[in-house]
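The primary structure of each chain is shown beneath.
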Amino acid sequence: SMATPTLLMRVVASAYSIAEKAATIVRNVMAAGDLGIVEKSGANDLQTKADRLVQMSICASLARKFPNVTIIGEEELPPEEVNEELIEDGHCEEILKKACPAQYTGIKEEELVIWVDPLDGTKEYTEGLLDHVTVLIGIAYGGKAIAGVINQPYYNYEAGADAVLGRTIWGVLGIGAFGFQLTEAPAGKHIIVTTRSHSSTLVNDCISALNPDSIIRVGGAGNKIIQLIEGKASAYVFASPGCKKWDTCAPEAILHAVGGKITDIHGNSFQYNKEVKHMNSAGVLATLRNYDYYASRIPNTVKQSLVP
C-alpha cells in the first residue's frame, strides 16, 4: 500500500489546486471589466478586486485544510466570512505520488509558514500586460523557502482562441521543479531582467556596472524568475528595497529546486520565518547559473546604499 502522503506534499498538492482556482478568479475579474482599483501607497502600488478575492480564496482554502500553518499574505484585509464559492478543496494527485525528501517528512503544521502574493504584477494587470502576472504561494520551513507554486493565469494568452490558457509551475527542494521546460540562457550572453515600474538611479547604475548585452524590463518577481528558468535572461538584478518576502518565497523555492541561486545584493540569503520583516530591503540578485560572475561585479557603492 502507498504510504500516507506527508504534510509537506499535501500542502503543495493543495496549493497547486488553490493556485489554479486563483487563476480562474483573476481571469473572471478581468473579464467582468470592473477591476476595483485602489491605490495603497501610491500610483505604483495598486490593489484590485482580484488581489482581494484571490487572497481571501488562497488563505481561507489553506487555513481550512491546515489550520495550524502560519499564512502571511500581501494584502491587509479586514477579517470577514469568506464566500464558499472562493474555497478550493481539491489537490493535485500527481504531486501526492512524489516521495517527500527525507529531511521534510516529519514537519508539523505549526512549523510551516506560507507566503502568499495573490497577484504579483498588479500594475501590469491593470495595464493589460497580462503575461507578467503571477499568483505566488511559497512554503517555508526553518526560515528557508522549501517549496513553491507559481501560477501564470494568462500564460499563452496571445496564442489564439484554441490555446490552453494559464499554467502552474511547482517545485520542492530535493525533488525538482515541474510545469515548464528548464532552459539555460545563451552561453556568454549577459541578459539582465529587472523592474519595469520601480526603476531608480541605483537600479540603473547597478545594471550598467554589469555591462549587459541586453536588459529586459518586466513586472512581477514571479515572472522574472520564470525568465531565468526558461533561459530568456541570465540574471535578475534589482538594486532597490521594493521587493517583499511574498514576492520571493515561491520563486526562490522553484529556482533553488533546479540549482539556481537568489540572494540580496550583498549575497545574504532571505529568511522566511514568521517573525521576519516583510521587506527585502537589500534588493535581489538571482541566476539559474553563473551566480558568482554577477555577484562579484555588483559595485560597492550600490552595496553601501542598500542596508539589509
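On a predicted model such as this, the values are computed, not experimentally measured, just so you know.

Trainee: Is there a simple way to explain the state of the cysteines in this structure?
Mentor: The term disulfide refers to a covalent linkage connecting the sulfur atoms of a pair of cysteines. Across all of its chains, the model carries 0 disulfides by this definition. Considering cysteine sulfurs only, Cys-249 is the nearest to Cys-59, which forms no disulfide, with 13 Å between them. Classification of Cys-59 as buried rests on a relative accessible area of 18%.

Trainee: Mind showing me how you'd approach the layout of surface pockets here?
Mentor: Gaps left between atoms show up when a probe the size of a water molecule is rolled over them. Taken as a whole, the largest pocket encloses approximately 670 Å³ of empty space. As for the largest pocket, its lining consists of 33 residues, of which Asn-44, Glu-74, His-198, Gly-242 and Asp-247 are closest to the centre. When residues are assigned to domains, the lining of the largest pocket turns out to be shared by domain 1 (7–178) and domain 2 (191–305), each giving three or more.

Trainee: Honestly, the pattern of salt bridges in this entry has me stumped. Any pointers?
Mentor: For side chains of opposite charge, pairing can occur when their charged atoms come near one another. Counted according to the given criterion, the structure contains 11 salt bridges. One salt bridge connects Glu-75 with Lys-40, and the closest N-O pair in it is separated by 2.8 Å. Pair noted here: Glu-75 is in the loop between strand S3 (70–73) and helix H3 (93–96) and Lys-40 is in strand S1 (residues 38–42), with a separation of 35 residues, a long-range link. Judged by its relative accessible area of 4%, Glu-75 falls in the buried class. Under the relative-accessibility criterion, Lys-40 is labelled partly exposed at 35%.

Trainee: Can you help me understand the side chain of Ser-234 in this one?
Mentor: Looking at the element boundaries, Ser-234 is found in the loop between helix H6 (221–229) and strand S11 (235–238). In this structure Ser-234 comes out as buried when scored by relative accessible area, which is 9%. In terms of polar contacts, Ser-234 uses its side chain to reach the backbone amide nitrogen of Ile-191, at 2.7 Å. Setting aside residues up to four positions removed in sequence, Ser-234 forms contacts with Ala-185, Lys-189, His-190, Ile-191, Leu-228, Ala-286, Thr-287, Leu-288, Arg-289 and Tyr-294.

Trainee: Help me understand the UniProt feature "binding site: Mg(2+)" (unreviewed entry) in the chain, please; the structure alone is not making it clear to me.
Mentor: Mapped onto the present numbering, the UniProt feature "binding site: Mg(2+)" (unreviewed entry) falls at Glu-74, Asp-117, Leu-119, Asp-120 and Asp-247. The annotated residues occupy 174 residues of the chain but converge on a single region, no pair of C-alpha atoms lying more than 9.7 Å apart. Cross-referencing the annotated residues with the largest pocket identifies Glu-74, Asp-117, Leu-119, Asp-120 and Asp-247 as lining it. By secondary structure assignment, the location of Asp-117 is in strand S4 (residues 112–120). Residue placement: Asp-120 occurs in strand S4.

The rules behind each value
Residues numbered from 1 in each chain as written. Predicted model: local features only at pLDDT ≥ 70, side-chain atom pairs only at ≥ 80, totals over all residues. Heavy atoms only, no water. Disulfide = S-S within 2.5 Å. Buried < 20%, exposed > 50% of the residue type's maximum accessible area, 1.4 Å probe, protein only. 1 Å grid on protein atoms, 1.4 Å probe; cavity = no way out; pocket = protein on both sides within 12 Å on 5 of 7 lines; lining within 4 Å. Points joined across faces, edges and corners; volume = space filled by probe spheres on them. Domains from an automatic or database assignment. Salt bridge = Lys/Arg side-chain N within 4 Å of Asp/Glu carboxyl O. Helix = DSSP H or I, 4+ residues; strand = E, 2+ residues; numbered from the N terminus. Polar contact = N/O pair within 3.5 Å; in protein donor to acceptor, adjacent residues only side chain to side chain. Contact = heavy atoms within 4.5 Å. UniProt positions renumbered as here; feature names shortened; annotations may be inferred.

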